[in-house]
Structure formats: structure tokens, C-alpha cells
Protein chains: 2
Amino acid sequence: MRRVYLDHAATTPVDPRVLEAMLPYFRERFGNAGSIHAWGQEARGAIDHAREIVAATIGATPSEIVFTSGATEADNLAILGTALASEGKGHIITTRIEHHAVLEPCRFLESRGFEVTYLPVDRYGLVDPDEVRRAIRPDTILISVMHANNEIGTIEPIEEIGAIAREHGIPFHTDATQTVGILPVHVDALKVDLLSMSAHKRYGPKGVGALYVRQGTPIAPILRGGSQERNRRAGTENVPAIVGFGKAMEIAQEVMAEEAATLTRLRDRFITALLSLGEVTLNGHPTCRLPNNVNVSFKGMDSESILLALDLRGVAASSGSACTSGTLEPSHVLEAIGLPPEIAAGTVRFSMGRATTEEDLDYVVEALSEILELARVR
Amino acid sequence: MRRVYLDHAATTPVDPRVLEAMLPYFRERFGNAGSIHAWGQEARGAIDHAREIVAATIGATPSEIVFTSGATEADNLAILGTALASEGKGHIITTRIEHHAVLEPCRFLESRGFEVTYLPVDRYGLVDPDEVRRAIRPDTILISVMHANNEIGTIEPIEEIGAIAREHGIPFHTDATQTVGILPVHVDALKVDLLSMSAHKRYGPKGVGALYVRQGTPIAPILRGGSQERNRRAGTENVPAIVGFGKAMEIAQEVMAEEAATLTRLRDRFITALLSLGEVTLNGHPTCRLPNNVNVSFKGMDSESILLALDLRGVAASSGSACTSGTLEPSHVLEAIGLPPEIAAGTVRFSMGRATTEEDLDYVVEALSEILELARVR
């Protein structure tokens, strides 16, 4: 049986070159980067090198990169760290379609006296920059809008929102987990002050991510202890993972343009084929969309049955995000774009990757055609 | 030149069997454990297996293990998570010799209205359980005392403190980063409710640790987002690292008794040889001491010069902990045991490991003899 992995938005396999780069740091060069001896300095050098690459990937300087255990920690550091650095109160603007790693810290802050505005989105999942502007208050301490949505793939007008934030002198955070390394991301072009990244969504290892913190942006640490990461994130540096993150970003920079073009072509061909199955609708924006994201609703179906039937046929896809699958909550993103619950219930996300082929996608379309036929006969 | 790594308390090389166990999870079995398809289930199964081993290592049940990005996060989760679960105020009892990953969250909480008692220790670094008892107040929400000190190796009377905590119904946390897998650690014998662990101090990978949370112990998450780790720690699970953690604990369980005996023998022989160098004093308790820890002060010397001279001779040792080396602060631990600053200034920690041999230690003694002679001639 063919095996087709179409859940690259959840995680990706580590690139063999990334793993190769990481391997020496598990055993031969295993030092603690905080140690002053040769073993430590070797580790420190490797981290410095990775930090330069990661910084260059987004147009930042190395000192603006704080390595974290992943994008969730980066998002938490951005939101909670900004709140901690404020006077213990203030107003935050975010959107209804953010990842839970942004929404949950916001909800927590609401329970502690902060106020949060959750902006609506249009039917494509787009945030209106004018709504951001209107939501700004004198006590607004942070604006957080994701670069691209992880479920429906819509790319947000970050530059425009960044310009508004800057105009008002308000720190601006974007969760770029789904875009860094797949689309050009430049912190100055986007006018962001805080930006969350992940390695494992881009063929790097799990357990590592970063928060870009523009110089001068007030932020307090959320993990406290040793003086690592210039006192912005305590804990022994995860050297092999950081090295892998650097290598993954280096590779991503090299292949990005061609990869995005290939994925976009595959994506649009796949969308056309899926829509031709009948009673299938596309979610998210048709063009302002991640090159690797396809999110569709199958009318009258429930997504879990589709996913299980696909799984039996060797195909991996997802409903919502991997972080909440297993829970029975409806997707807050599909709700926010106004999808009726009965349509949302039959929604599946396919996310393609570097190894995805036309044949893979043809196989999936055929499998889906079969699954739909079987279900609709019943 | 011989290379002798005597900084195992800072970090250890990954055991080849651990790395072997991890490898498939980078590429072949790379799924996100939150995904419902085959790739995800494979990852989920691997985590479940590792969780069982880690739990068994300390006599816990799997559901009481919360995987974190390391011991710093585990300590932060214990301290801050307990505070968050309280009514926003209360009293914490800890000691002056804790790791910064405990002390810094405590200091932060003090700035937010909590009160913290930092208990003194005796000249060996021992906490007096009676002092713990006397410090208890009606509003005490947590007691946190480390199992063994990372700098001077003193093993604390955790069982007795645990009994006192239990008598008063106060949650009891211990940072067991330096003991799990090297000494027998059983959460019921120790009477602890929260216990921090690390993988990379025991031949496992960096970037993973765990907090044991006894069932019923009130704790709030510090990283918020997805529903991973039963809503106690959000973020995509670091599958290869968790698998490696499990394997490292499995191996530790097997070799522990013999390893501890060998290390103790090496340690005592090494201490004798060091003391014979003249004007050298041992810090920490002579017998209630980690099998792999030797901490000595060289009178009239400064530790940085010794470490650099050792480094030139291929020997890795440390002053203080790796988490703060590079900073110029004197060690808070040496201060707490009452070491005069001029003696503290010449303090070096040697921490042996599985591969350490008598010849290695003889080489280090000889190197030190040379270094001291050169310095004292000058």
C-alpha cells in the first residue's frame, strides 16, 4: 500500500542533512554550552553558528534570537513575557483564529486582570487591518496576529498591521510557525517586534524553536534559572536540536523559492481535483494561502470517519491542528470564518511537503472518491 | 594528550544505546503524537512506553509524569505552577543552596506578593529538618528542598523533610536532577509530591526532563496552548528526546548499583589524592555525598586559572554550575556553607562519570600538582 503523509503542518520528518549535522553533538561534542572548558566552548560555538543562520533567515541580528523548546514556548514567551514586563495590567489585541499557544496565554491573562480583544476575521480568515486600528487603546501593550493560519492556511496582512502597530508604538508579535522557511519572512519588511518560529515544521527537530525579540522590545523571561540566552530563557541549551534548527533553516533558504512554486502548483491541482468530487468546499483564502495547505469540507461527512478511512488507506491528514486532535471541541478557526457546524464537522486539512508527488495526490483523490461513495451510499 | 571529562554534573554524553533508540523517531517514525493517524499513533505509543519507564524509575504511575524541556522547566513548573494554583499569595520554604531554577522563580514570586523563607544550611550544606518544621506557617503552600546539591554534592535528608511536610499537609518538591538514575529515588520513600528530573545528566539527550506530580497535587501549567501532557504542559511532544529519556532511565536502573559503588570508590580515592596536594579542603559532606561529586578549594588560587590550566591539559572541570559559569558572581552555595570568599574563589568541582578511570584521575592529580606548583612558585 502506498503511504502518503499529508500532515506536514503538524510535523515533518527531519531532513537527513539536518540529522547528520546534529549527530556529533549527542556524543562526541556533547558539552554544556555554559561550561568554560573545551567541551563547553565547542557547544557554544555550534550554538552561535546556528543562531547566526536562524537570525539571517528572518533578517534579524543573532542577539535578537531567543532559542526556546518550540513554538508554543515562543508564543507563551511573547504574550506572557510582554505582560510580565508591563505594569501587571494592560490591553492585548489578537484574533479569534490564533493558535491555542497564543489564545490560552491570552485567556490566562484575562483571568489576571488584563483585557484582550479577539478580532473577528472574514469568511476567508483574513484579519482587517482597520479593525486592528480601531481596537487600539491607550493601554494596549501588545498586538499579536499570526502570519498564516495553521488550519486554513490563510496568510494575514502582517505588513499593514505592523505599520499600524508601529505608528502607535505598540509591540507587534506574529506567530510565524507555518511560514518561516516556506515563505520569505523578514522582520523589518513585516514590521514585527516579536516573531515565533519552530524547527520541526520545516524538516528540523522537535523540541526547539525561537522567539525573535527586536532589540529594545520589553520582555520578561517565563523560564527562570541560569543566565542562558542573555537571561531571557533559562535552561541548558539543547545543542543538537539548535544545531539542527540552524541546518534546517539553511536548507529552507536554499530550496524555498522552488519548493513554494512546486507546492503551489500541487496545491492548486489538488484543490481542483477535490472540488470536482462534488459537495466539497475550500476553506481559507483561494490565493493568500500557504503553498502547502489545502483545507476542505465534505458536506454531510464527519472528518473523523474520513481520517480513519484515509488512515486505513495509508494516508495521513488531519482535522484542526494536531495540538487539539483527540479533543472533541469544534475548531475555533472554522467557527471564526462562519462555517456552519454541520459543514465544519466534515473538514479535513491536507498539508503537503517536499516529498509529496502528483501521484500521491492522485492516490488521495481516488481514495477520497471511494470513501465518499461508500459513505453516501449508506 | 589525554582528554579527561570531569564535568558530568553539567552534562553527559548520550549513551550509544540511547541514541540508537532515538534515531528512528527523527525520520522514519517522525509523527506528531497529537495526530490520530498511523504516524501519530506510532509516536504516541513511543511516548507512552517512555513514560512508563520514567515513572517506574521513581516509583510513580505514568499519569504522574509531565514531560518538560528539561529540569529548569520542571523546577519552574513546580514552583510557579504551585503558586499559580494557589490564591495568588502564600508562603514558600526553600533553602539557600537550591539551583537557580528554583531560586529565581522564588525571587520572582516574592516580587509578586508571595513570601519565601530561604533556609540556611550547615557547613556541610545540610538542611536541618527541624528548621523546616519551624519555618512552616499556616499559609505555607510549598516546601522545596533539593535532593542533592549540584555544586558540593551533599545529599539532603529528604525523607525526614518529606515526613514533616506531609504531617502539615504541605506539598513538597525536590529537585532530583543530580540523583535520579544515580541513587535510588522513590517518590513514596522520599515522601515528595513534586520531583524534577533531567535526562542529559544521565546519558540521555538534552532538551527533555520531567516533573513528577503526585496525583491530587494542585498545579497550574506554565506553558499554555494545546492539550498535551493532560493539559499540564502545552507544546508538541519532543518524541525522540522522550524516547531517549526513557532508554537512559532504563539503562540507569540496570547499572545504578554497580556504577554508584565504582564511582564512590573512585571519588574517595580522588579526594584522598587531592587533599594530599596540600592546602586543599573538601567542600560538602564527606559521606552524605553524591558518588560522582568532588568539590575542593585550593587555598590562594583562583578557580578560573585552575580551570584554564586544566583545560590546556585536556581536563574539563567546573566552578559552580554550568548555568552560571561565565558570570562573575561568587557561588551562592559556597557562601551558604560559610566558605570565606578567598577560599571560595579557589573552588573547583570535579564530577566523574561512567567512563572515568583511575588513570584519568591520576592524570588530573598530576596535572593539578603541576599547576599548583607553577602558581605557588610565582
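Please refer to the structure higher up on the page.
Residues numbered from 1 in each chain as written. Chains lettered and ligands numbered in written order. Predicted model: local features only at pLDDT ≥ 70, side-chain atom pairs only at ≥ 80, totals over all residues. Heavy atoms only, no water.

Enquirer: Pulling in residues and values, what's your account of the packing of aromatic side chains?
Expert: A complete count under the given rule lists 9 aromatic pairs over all chains for this structure. Taking 6.1 Å as the distance between ring centres and 50° as the angle between the ring planes, the aromatic pair formed by Phe26 of chain A and Phe26 of chain B counts as tilted. Within this pair, whereas Phe26 of chain A is found in the loop between helix H1 (16–22) and helix H2 (38–57), its partner Phe26 of chain B is found in the loop between helix H1 (16–22) and helix H2 (38–57), the two belonging to separate chains. Taken as a pair, Phe26 of chain A and Phe26 of chain B share a single burial class, namely buried. Here Phe67 of chain B and Phe245 of chain B contribute two aromatic rings whose centre-to-centre distance is 6.0 Å and whose plane-to-plane angle is 65°, an arrangement assigned as edge-to-face. Residue Phe67 of chain B is found in strand E2 (residues 65–68), and its partner Phe245 of chain B is found in helix H9 (residues 239–275); the two are separated by 178 residues along the sequence. The class of Phe67 of chain B is buried, set by a relative accessible area of 4%. Taken together, the ring pairs in this structure connect Tyr5 of chain A together with Phe30 and Trp39 of chain B into an aromatic cluster. Sitting over the ring of Trp39 of chain B, Arg3 of chain A keeps its end group 4.0 Å from the ring centre. (Phe/Tyr/Trp six-rings, centres within 6.5 Å; stacked < 30°, edge-to-face > 60°. Helix = DSSP H or I, 4+ residues; strand = E, 2+ residues; numbered from the N terminus. Buried < 20%, exposed > 50% of the residue type's maximum accessible area, 1.4 Å probe, protein only. Lys NZ or Arg CZ within 6 Å of the ring centre and 35° of its normal.)

Enquirer: Describe the interface of chain A and chain B, and please don't skip the residues or the numbers.
Expert: Facing the 68 residues of chain A at the interface are 68 residues of chain B. Buried area between chain A and chain B, both sides added, is near 5,500 Å², and the carbon and sulfur share of it is 63%. Considering only the surface of chain A that becomes buried against chain B, Trp39, Lys206 and Arg224 of chain A emerge as the three largest contributors, covering 13% of it. There are 0 salt bridges connecting chain A and chain B. For the pair chain A and chain B, the number of links is 21 residue pairs in polar contact (both at pLDDT 80 or more). (Contact = heavy atoms within 4.5 Å. Buried area = accessible area lost by both parts, 1.4 Å probe. Salt bridge = Lys/Arg side-chain N within 4 Å of Asp/Glu carboxyl O. Polar contact = N/O pair within 3.5 Å; in protein donor to acceptor, adjacent residues only side chain to side chain.)

Enquirer: Could you give an account of the sheet that holds strand E9 (residues 280–282) of chain B, naming the residues involved and the relevant values?
Expert: Hydrogen bonding along the main chain pairs the strands of a sheet, whether they run parallel or antiparallel. All names here are of chain B. Spatially, 3 strands are ordered E9-E10-E12 in an open sheet, and the strand pairing comes out antiparallel. The open sheet is flanked by E9 and strand E12 (347–351), the only strands paired with a single partner. Here the average twist between neighbouring strands, direction ignored, is 30°. By the bridge criterion, 3 bridges tie E9 to strand E10 (residues 293–298) in an arrangement that is antiparallel. From the neighbouring strand, Thr281 faces E10, where its bridge partner is Ser297. On the sheet, H9 packs against E9, E10 and E12 and is oriented at approximately 5° with respect to E10. (Pairing = 2+ DSSP bridges. Axes fitted to C-alpha atoms, helices over the stretch in contact; angles between N-to-C directions.)

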